[in-house]
Amino acid sequence: MAGARGLAAAGLAMVLIPAGGPAGAVESRPLRVMSLDQCGDQYALALAPAAELAVSPRADDPDSWMRHAAAARRRVRPTLEAAIAFQPDVVIRYWGGDARLLARLKADGVRVVTLDDATDFDGIRSNIRSAASAFGDPARGESLIARMDARLREAAPRAGAARRSALYLTAGGFTAGRGTLVDAMLVAAGLVNAAVLRGFAPVSVERIALSPPTHFVLGFFDQSRGDWRGPGRHPVVRAAARDRVVAQLPAASLTCPAWFAADAAAMLGPAG
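The model shown is predicted, which means the values in this text are computed figures rather than measured ones.

### What about the sheet that holds strand β10 (residues 216-219)?
Note on sheets: strands pair through backbone hydrogen bonds, and any given pair is parallel or antiparallel.
Then comes step 1: Pairing in this open sheet of four strands is parallel, and the strands run β8-β6-β10-β11 from one edge to the other. If you trace the sheet from one side to the other, it starts and ends with β8 (192-193) and β11 (245-249), each paired once.
Then comes step 2: Sheet topology note: the strand β6 (residues 165-170)/β10 ladder contains four bridges and is parallel. In the sheet register, Thr-170 faces β10, and the bridge partner there is Gly-219.
Then comes step 3: Sitting on the sheet, helix α10 (residues 261-268) touches β10 and β11, and the angle it makes with β11 is about 155°.

Rendered as structure tokens:
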């Protein structure tokens, strides 16, 4: 509880004491966890369900995997003022929070967990363990990893199955090559990534028209208002992809390097 005590000691906020309870009662309250962005929301909601949570304003957006679990949770903006009011013990983030906020949290003894930009499933396992440890429930983390690994087994190709080549394509016209989590998902499902370069790169409509991929894996196409004029939605691309789509991955499975990347892989594999 050092974080909450630190913020209170700074004289910037009142420590809330349960009605009728002694000052020491604050020590027995539930852990307070604050998330600074949508990715942090996923980990907080899955790994600290018994905690008093303050999640980001985007926690229940359509592209949030844990949006249903966020329904009854407090929403706060990732600001210093919100942190002072909430007095978190642990803060979790992927990219959210400015330098002033993060410096103050650390100075006041709040444990800040920054999720890594995992590009493979080992990186996700590390993220889960870091978050679960900070929340004081390593066993819940191991259970979530076991669930992820079970989904990966479901995604794995059957023995002797031919490997198909597929191009990952977003509505905005981008693909993902080597060294990305999308590539790890394709490999887990027994697919050969048709994007040979590393990282993310745009794909031109002309390239698809002249040399259409054998198969497509589409991402973010469920966001009807997102990139609605993007290259991925071009009529030429739609024609090229007809009858060649392995799966359309929902945005909620792609917005955060987390365990549900295995669910996306399973959508591509034999059980998909």
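### Quick word on the state of the cysteines
Then comes step 1: Summed over all chains, the structure comprises one disulfide.
Then comes step 2: The side chain of Cys-39 participates in a disulfide bridge whose partner is Cys-256; the two sulfur atoms lie 1.9 Å from each other. Because the sign of the S-S torsion sets the handedness, a value of about 55° for the bond joining Cys-39 and Cys-256 places this disulfide among the right-handed ones. Taken together, the positions of Cys-39 in helix α2 (residues 38-47) and Cys-256 in the loop between β11 and α10 put the pair 217 residues apart, joining distant regions of the chain.

### So, the pairing of strand β1 (residues 32-35)
Then comes step 1: The side-chain alternation of β1 yields two buried faces, one formed by Arg-32 and Met-34 and the other by Val-33 and Ser-35.
Then comes step 2: The pairing of β1 with strand β2 (residues 52-55) spans three bridges and is classified as parallel. Within β2, the residue paired with Val-33 across the bridge is Leu-53.
Then comes step 3: Note: β1 against strand β4 (residues 90-93), three bridges, orientation parallel.

### Things to note about the environment of Tyr-168
Then comes step 1: Within the secondary structure layout, Tyr-168 lies in strand β6.
Then comes step 2: Of the residues examined, Tyr-168 reaches a relative accessible area of 3% and is grouped as buried.
Then comes step 3: A C-alpha to C-alpha distance of 9.8 Å links Tyr-168 and Val-246, two positions 78 residues apart in sequence.
Then comes step 4: With near-sequence residues (within four places) excluded, Tyr-168 lies in contact with Phe-174, Thr-175, Ala-176, Val-182, Val-217, Gly-219, Phe-220 and Leu-254.

About the thresholds
Residues numbered from 1 in each chain as written. Predicted model: local features only at pLDDT ≥ 70, side-chain atom pairs only at ≥ 80, totals over all residues. Heavy atoms only, no water. Pairing = 2+ DSSP bridges. Helix = DSSP H or I, 4+ residues; strand = E, 2+ residues; numbered from the N terminus. Contact = heavy atoms within 4.5 Å. Axes fitted to C-alpha atoms, helices over the stretch in contact; angles between N-to-C directions. Disulfide = S-S within 2.5 Å. Buried < 20%, exposed > 50% of the residue type's maximum accessible area, 1.4 Å probe, protein only.

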